[in-house]
Amino acid sequence: EALVLRREIFARRVATLGLSHERSILAGNNLVLSLNKLGLWEESKTLALDQLLPEARRSLGADHDLTLRSSQALAHALCDDPQRTRNGPCLNQNRRGITMLLISTQAKPRPSCRTWSRDD
């Protein structure tokens, strides 16, 4: 039920405010987090990679809190997806996502996929 509500809220925010609005990005980020918790990795990564993170960077800036939260949600989806090390579309999507994360946050991956550091 919660996932249905998250989807509906995100769709309504985008329809009324547009994707570039801060509240729409927040609703989308909440949807990504819910998808992550339910193990719906592909949908989560697609939403974060194709819509949320690029729009957050463009409209809010790379250092905005929501942009960084979107990056973090994507990082969790990339790291927690059990298919992340297999060849094929998932691995390619993960590489694309990690590249986008590195570009958007100037972060360097540490040995553990779950730990990211930000250059100052």
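All values derive from a computational prediction rather than experimental measurement. (Residues numbered from 1 in each chain as written. Predicted model: local features only at pLDDT ≥ 70, side-chain atom pairs only at ≥ 80, totals over all residues. Heavy atoms only, no water.)

A. Representation of the nonpolar core. Core analysis: the largest hydrophobic core is formed by 14 residues, its most contacted members being Phe10, Leu31, Val32, Leu35, Leu47, Leu52 and Leu74. When residues of this core are traced back to their parent elements, those giving at least two are helix H1 (2-17), helix H2 (22-37), helix H3 (41-60) and helix H4 (65-80). Those residues within four positions of Leu31 in sequence are excluded, and the remaining contacts are Leu3, Arg6, Arg7, Phe10 and Leu47. (Core = buried A, V, L, I, M, F, W, Y, C linked by side-chain atoms within 4.5 Å. Buried < 20%, exposed > 50% of the residue type's maximum accessible area, 1.4 Å probe, protein only. Helix = DSSP H or I, 4+ residues; strand = E, 2+ residues; numbered from the N terminus. Contact = heavy atoms within 4.5 Å.)

B. View of the pattern of salt bridges. The full count for this structure, using the stated rule, is five salt bridges. With a closest N to O distance of 2.9 Å, Arg12 and Glu8 form a salt bridge. In this pair, Arg12 and Glu8 are both assigned in helix H1, four residues apart and thus about one turn of the helix distant. Here Glu55 and Arg58 are joined by a salt bridge, their closest N and O atoms 2.4 Å apart. Residue Glu55 and its partner Arg58 are both found in helix H3; the two are separated by three residues, about one turn of the helix. For Glu55, a relative accessible area of 14% puts it in the buried group. (Salt bridge = Lys/Arg side-chain N within 4 Å of Asp/Glu carboxyl O.)

C. Examining the confidence of the model for the chain more closely. Looking at the chain, pLDDT values average 78 and 69% of them are 70 or higher. Mean pLDDT across the elements of the chain bottoms out in strand S2 (residues 116-118) (42) and peaks in H1 (96). A low-confidence stretch, residues 107-120 (pLDDT under 50), is modelled with 26 contacts involving residues beyond four sequence positions or located in other chains. (pLDDT = per-residue confidence, 0-100.)

D. Here's a closer look at the side chain of Thr67. Summarising the element assignment, Thr67 is placed in helix H4. Accessibility expressed as a relative area gives 0% for Thr67, which makes it buried. Within polar-contact distance, the side chain of Thr67 engages the backbone oxygen of Gly61 at 2.8 Å. Beyond its immediate sequence surroundings of up to four residues, Thr67 is in contact with Leu53, Ala56, Arg57, Leu60, Gly61 and Ala62. (Polar contact = N/O pair within 3.5 Å; in protein donor to acceptor, adjacent residues only side chain to side chain.)

E. Main features of the packing of H1 against H2. Where H1 contacts H2, the axes come no closer than 9 Å and their chain directions differ by 160°. The orientation of H1 relative to H2 falls into the category roughly antiparallel. Handedness of the H1/H2 crossing: left-handed. Counted together, Leu3, Arg6, Arg7, Ile9, Phe10, Arg13, Val14 and Leu17 of H1 and Arg23, Ser24, Ala27, Gly28, Asn30, Leu31, Ser34 and Leu35 of H2 form the full contact between these two elements. Of the residues in the contact of H1 with H2, the class split is eight nonpolar, four polar and four charged. (Axes fitted to C-alpha atoms, helices over the stretch in contact; angles between N-to-C directions. Parallel < 35°, antiparallel > 145°, perpendicular 65-115°, else oblique. Left-handed = near helix turned anticlockwise from the far one by under 90°. Nonpolar A, V, L, I, M, F, W, Y, C, P; charged D, E, K, R; others polar.)

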